[in-house]
Amino acid sequence: MLSNADPCKISQHFNKELLLNTPTFCLCGSGIEYAQCCGPFHSGEKKPVTAEALMRSRFTAYALHNAGYLQDTWDATVRPELIDFSKEKVDWQRLEIGNTKKGGAKDAKGVVEFKAYYLEDGEEYVMTEISQFIKRAGGWFYLDGLVKSIGKVGLQTNLGKNAPCSCGSGKKFKRCCGAE
């Protein structure tokens, strides 16, 4: 039956089948389908129980331009009035979680260090940030973040002791954890 069919129609049929049967993995890097990962957070069906889960869901919301979710999960004391994606020129690709400090289900505060990868003008970049979270009324909220570095993927950069300290103090490594 397929041997007499138009090759273009066969290709379209298989591509459609592939799309229908391929799970859509969440952009947060969990390896889980969006519908079982960040989707329930974005729809309000569930709340993240850890700071890391909130970080992952906020990254995915940012990539999907879900300003409502970002506003809802930003601590009210520092929440911006408006999130405007109209000038956004990057395509967020994936997230890698690095170190986490506290931020568990029983904690009141948490810190998450992550790398967010994105495309801009066809080039891949990575941004490394340390974000702080706080739990209020049983829910996690984003408090603030410190961007440690932004650069093209694949370029060798060696900032050495002049690099920002990974502890999040905002000091240079040589004046903080690297001080002898």
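Residues numbered from 1 in each chain as written. Predicted model: local features only at pLDDT ≥ 70, side-chain atom pairs only at ≥ 80, totals over all residues. Heavy atoms only, no water.

Looking only at helices and strands, the protein features 4 helices and 4 strands. For the protein, with 180 residues in total, the buried portion stands at 31%. Taking the contacts inside the protein whose residues are at least 6 apart along the sequence as the reference set, 41% of them involve residues at least 24 apart. Accessible surface, the protein: about 11800 Å² in total, of which carbon and sulfur atoms supply 52%. (Helix = DSSP H or I, 4+ residues; strand = E, 2+ residues; numbered from the N terminus. Buried < 20%, exposed > 50% of the residue type's maximum accessible area, 1.4 Å probe, protein only. Contact = heavy atoms within 4.5 Å. Areas by Shrake-Rupley, 256 points an atom, 1.4 Å probe, with all protein chains shown as cover.)

Turning our attention to the pattern of salt bridges. Taken as a whole and judged by the stated rule, the model has 6 salt bridges. Across the salt bridge formed by Glu52 and Arg56, the nearest N and O atoms sit 3.1 Å from each other. Of this pair, Glu52 and Arg56 both sit in helix H3 (residues 51-63), separated by 4 residues, roughly a single helical turn. Taking the relative accessible area as the measure of exposure, Arg56 reaches 15% and is therefore buried. Glu113 serves as the salt-bridge partner of Lys148, at 2.7 Å between the closest nitrogen and oxygen. Residue Lys148 is located in strand E4 (residues 139-152), and its partner Glu113 is located in strand E2 (residues 109-120); the two are separated by 35 residues in the primary sequence. The network of salt bridges with shared partners includes Arg94, Glu96 and Glu124. (Salt bridge = Lys/Arg side-chain N within 4 Å of Asp/Glu carboxyl O.)

To continue, consider the packing of aromatic side chains. Aromatic ring pairs are reported here in terms of the distance separating the ring centres and the angle at which the planes meet. Summed over the entire model, instances satisfying the criterion amount to 7 aromatic pairs. Between the aromatic rings of Phe59 and Trp92, the centroid separation amounts to 6.1 Å while the plane-to-plane angle is 85°, which identifies the pairing as edge-to-face. Separated by 33 residues along the polypeptide, Phe59 in helix H3 and Trp92 in strand E1 (residues 91-102) bring together distant segments of the chain. Comparing Phe59 with Trp92, the two get one shared label, buried. Between Phe133 and Tyr142, the ring centres sit 5.8 Å apart and the planes meet at 65°, which makes this aromatic pair edge-to-face. In this arrangement the basic side chain of Arg58 is found over the ring face of Trp74, its NZ or CZ atom lying 4.9 Å from the centre. Note that Arg94 overlies the ring of Tyr117, its terminal NZ or CZ placed 3.7 Å from the centroid. (Phe/Tyr/Trp six-rings, centres within 6.5 Å; stacked < 30°, edge-to-face > 60°. Lys NZ or Arg CZ within 6 Å of the ring centre and 35° of its normal.)

Moving on: the confidence of the model for the protein. Within the protein, residue pLDDT values average 83, and 73% of them lie at 70 or more. Every residue in residues 1-21 is under pLDDT 50, and counting partners more than four places away or in other chains gives 3 contacts. (pLDDT = per-residue confidence, 0-100.)

Below, the discussion takes up the sheet that holds E4. Spatially, E1-E2-E3-E4 is the arrangement adopted by the 4 strands of the open sheet, whose pairing is antiparallel. This sheet does not close on itself; its edge strands, each paired only once, are E1 and E4. On average, each strand axis in the sheet is tilted by 25° relative to the strand beside it, whichever way the strands run. Alignment of E2 against strand E3 (residues 123-136), held across 12 bridges, turns out to be antiparallel. Among the inter-strand pairings, Glu113 is bridged to a residue of E3, identified as Ile130. Packed on one face of the sheet, H3 meets E1, E2, E3 and E4 and runs near 165° to E1. (Pairing = 2+ DSSP bridges. Axes fitted to C-alpha atoms, helices over the stretch in contact; angles between N-to-C directions.)

Within soluble globular proteins, side chains that are nonpolar tend to cluster in buried spots. With 24 residues, the main nonpolar core has Trp92, Ala116 and Phe133 as its most contacted residues. Among the secondary structure elements, those contributing two or more residues to this core are H3, helix H4 (67-72), E1, E2, E3 and E4. In terms of residue count, the dominant contributor to this core is H3 (6 residues). Non-local contacts of Trp92, meaning those with residues more than four positions away in its chain, are made with Phe59, Tyr62, Ala63, Ala116, Tyr117, Tyr118 and Met127. (Core = buried A, V, L, I, M, F, W, Y, C linked by side-chain atoms within 4.5 Å.)

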